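A closer look at the structure
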Protein chains: 2
Amino acid sequence: METFLNRQTIYNGRILKLELDQVKCDNGVIAYREIIRHSGGAGILCISEDQKVLLIKQFRYAYNEEIYEIPAGKLEKGEDPLDSAKREFEEETGHIAEEIKYLTTIYPTCGYTDEKIYLYLVTKFKVSKPHFDEDEMIESVWIDFKDVLDMIHKGTIKDAKTICAIQSYLLMRNCE
Amino acid sequence: METFLNRQTIYNGRILKLELDQVKCDNGVIAYREIIRHSGGAGILCISEDQKVLLIKQFRYAYNEEIYEIPAGKLEKGEDPLDSAKREFEEETGHIAEEIKYLTTIYPTCGYTDEKIYLYLVTKFKVSKPHFDEDEMIESVWIDFKDVLDMIHKGTIKDAKTICAIQSYLLMRNCE
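By convention here, each chain's residues receive numbers from 1 onward along its written sequence. Here every chain gets a letter starting at A, and every ligand a number starting at 1, in the order they are written. Thresholds applied to this predicted model are a pLDDT of at least 70 for local features of residues and 80 or more for the giving and counting of side-chain atom pairs; totals over whole chains, interfaces and linings are not thresholded and use all residues. No hydrogens and no water enter the side-chain calculation; it runs on all heavy atoms of the structure.

1. Digging into the overall build of chain A
Short version of the rule: Note on conventions: DSSP H or I runs of at least 4 residues are helices, E runs of at least 2 residues are strands, and numbering of each starts at the N terminus. Classification of residues uses two cut-offs on accessible area relative to the type maximum, computed with a 1.4 Å probe and protein chains only: under 20% is buried, over 50% is exposed, and between them is partly exposed. In this description, accessible areas are obtained by the Shrake-Rupley approach with a 1.4 Å probe, and a residue is regarded as covered only by the protein chains that are shown. His is not counted, nor are the chain ends; Lys and Arg add positive charge and Asp and Glu add negative charge. Throughout, a charge is located at the NZ atom of Lys, the CZ atom of Arg, the CG atom of Asp or the CD atom of Glu.
When you go through chain A residue by residue, the secondary structure sums to three helices and ten strands. Reading the helices (α) and strands (β) of chain A from amino to carboxyl end gives β-β-β-β-β-β-β-α-β-β-β-α-α. Along the first, second and third principal axes, the C-alpha set of chain A runs to 55 × 40 × 30 Å. Among the 176 residues that make up chain A, the fraction classed as buried is 56%. A total of about 7,900 Å² of accessible surface is found on chain A, and carbon and sulfur atoms cover 47% of it. Charge centroids of chain A, computed over 23 positive and 32 negative side chains, lie 3 Å from each other.

The structure is reproduced here in structure tokens:
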């Protein structure tokens, strides 16, 4: 345990809040924790009947590269993760989930953010039209499941939520 | 692509730096990106001959809970990820890697951080003594590989780098 002593809010932005907390550890040591407060995210692993996975290819400024990911987005304030998952799925890929199942929740990087990413599986959907934000440029691609595994193996897919969603799906399938 | 226009450094701390960048998207839209700059991390999946995994149990302030993770830590400035992996492995668990193999690199949450986590596999090691920081309280546990899979399946293991390391190891093993 670490007991909260004091807080300094450094920044309160559109995506994240940064807080500097002073805490007392169980052994009495006083420490500081730089913590990103984030509303959480929701991601959708969509797999078609013929075992293709719907990924998006998106330029990510932080890494200065285009990366492959499952469709996902940030929870709006107070939004239910399931609603967020459906909304982001439609906005980013133009697909509407007809059957959606909870997979798991992950902690992306537990040292400095409180973000939780809620992961869902969609196997039934209908096709509509994407309508992403004006500062997003997103390309949807269908990739064979075995090729997705190969892309993870080779490091072409690096995004943690995408890898975790696949791992979670495989474990679920093995248990059914 | 997004072209850098302007930067405001909001905070420069011990663990992370927060920058607010103004960028120009390919479609001409001007946007702002809140980006955490982080030196990166290194994690070690250690599996014993009898198929047990060495995990640590650590209180994580951001989530206000104890979580299971592979041993891992932050890269020192300019440090090689492999050196960091060996160092953190010894500091956190008191084990010294005798054979270490690169697994993969993951991007934990690509919307707002540039952190890369480098993952390694250790299957040969010798036992020494842990010596973690005074504000860290870390417990090492050996868990059967099949139980680790079960813990991921049930959501007891939520840490993304841990799940990704397991996924990467399984894919590597299947390809050998």
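2. Regarding the nonpolar core
Keep this limit in mind: As used in this record, nonpolar core signifies buried Ala, Val, Leu, Ile, Met, Phe, Trp, Tyr and Cys residues forming a set joined through side-chain atoms within 4.5 Å. Any two residues whose heavy atoms approach within 4.5 Å are treated as being in contact.
Counting 55 residues, the largest nonpolar core has L45 of chain A together with L45 and L55 of chain B as the members making the most contacts within it. Beyond its immediate sequence surroundings of up to four residues, L45 of chain B is in contact with V53, I70, L103, Y120, L121, V122, A165, I166 and Y169 of chain B.

3. Considerations on the environment of I15 of chain B
Position of I15 of chain B among the secondary structure elements: in the loop between β1 (2–12) and β2 (17–25). We classify I15 of chain B as partly exposed; its relative accessible area is 25%. Counting along the chain gives 60 residues from I15 of chain B to L75 of chain B, while the straight-line C-alpha distance between them is 10.0 Å. Each residue touching I15 of chain B, except ones within four places of it in the same chain, is listed here: E34 and Y112 of chain A together with H38 and K74 of chain B.

4. Points about the packing of helix α3 (residues 160–175) of chain A against helix α2 (residues 145–154) of chain B
Here is the rule we go by: Angles run from 0 to 180 degrees between N-to-C directions of axes, and those axes are lines fitted to C-alpha atoms, restricted for helices to the stretch in contact. Oblique is the label for every angle not falling under 35 degrees (roughly parallel), over 145 degrees (roughly antiparallel), or within 65 to 115 degrees (roughly perpendicular). Residue classes follow a fixed rule: Ala, Val, Leu, Ile, Met, Phe, Trp, Tyr, Cys and Pro count as nonpolar, while Asp, Glu, Lys and Arg count as charged, and any other residue, Gly among them, counts as polar.
Contact geometry for α3 of chain A and α2 of chain B: axes closest at 9 Å, N-to-C directions at 105°. As judged from the angle between their axes, α3 of chain A and α2 of chain B are roughly perpendicular. From α3 of chain A, Q167, L171, M172 and C175 of chain A reach across to α2 of chain B, where they touch L149, I152 and H153 of chain B. Split into classes, the residues belonging to the contact of α3 of chain A with α2 of chain B amount to five nonpolar, two polar and no charged.

5. Concerning the sheet that holds strand β10 (residues 138–144) of chain A
Residues and elements named next belong to chain A. Quick note on the threshold: Any two strands with at least two DSSP bridges between them are considered paired.
Here three strands make up an open sheet; going across it, the order is β6-β5-β10 and the pairing antiparallel. Whereas interior strands pair on both sides, the edge strands pair on one side only; in this sheet they are β6 (65–69) and β10. Pairwise comparison of adjacent strand axes, ignoring direction, gives a mean angle of 30° for this sheet. Where strand β5 (residues 52–60) and β6 come together, five bridges link them in antiparallel fashion. By the bridge assignment for β6, R60 is matched with E65. Along the sheet, helix α1 (residues 81–93) makes contact with β5 and β10, crossing β5 at roughly 75°.

6. Side note on the interface of chain A and chain B
What counts here: Buried area adds together the accessible area that both of two parts lose upon being put together, with accessible area traced by a 1.4 Å probe. Just to be clear on terms, a salt bridge is a Lys or Arg side-chain nitrogen sitting within 4 Å of an Asp or Glu carboxyl oxygen.
Listed by partner, the interface residues are 68 residues for chain A and 68 residues for chain B. Three residues stand out in chain A for area buried against chain B, namely Y61, Y63 and Y107 of chain A, and they jointly supply 15% of the buried area on that side. Here chain A and chain B share zero salt bridges between them. Residue assignment for the side of chain A that touches chain B shows that the elements contributing at least two residues are β1 (2–12), β2 (17–25), β3 (30–37), β5, β6, β8 (95–106), α2 (145–154) and α3 of chain A. Of the residues contributing to the side of chain A that touches chain B, the split by class is 37 nonpolar, twelve polar and 19 charged.

7. What to know about the relation of the copies chain A and chain B
We apply this condition: The fit set for superposing copies consists of C-alpha atoms from residues with pLDDT of at least 70 in both; the fit itself is least squares.
If you rotate chain A by 180° and push it 0.0 Å along the axis, it lands on chain B with an RMSD of 0.0 Å. The superposition of one copy onto the other is thereby described by a two-fold rotation axis. For chain A, the smallest separation between a C-alpha atom and the rotation axis is recorded for P108 of chain A, amounting to 2.5 Å. Comparing contact sets, 100% of the residues at the interface of chain A also lie at the interface in chain B, consistent with an isologous, same-surface contact.

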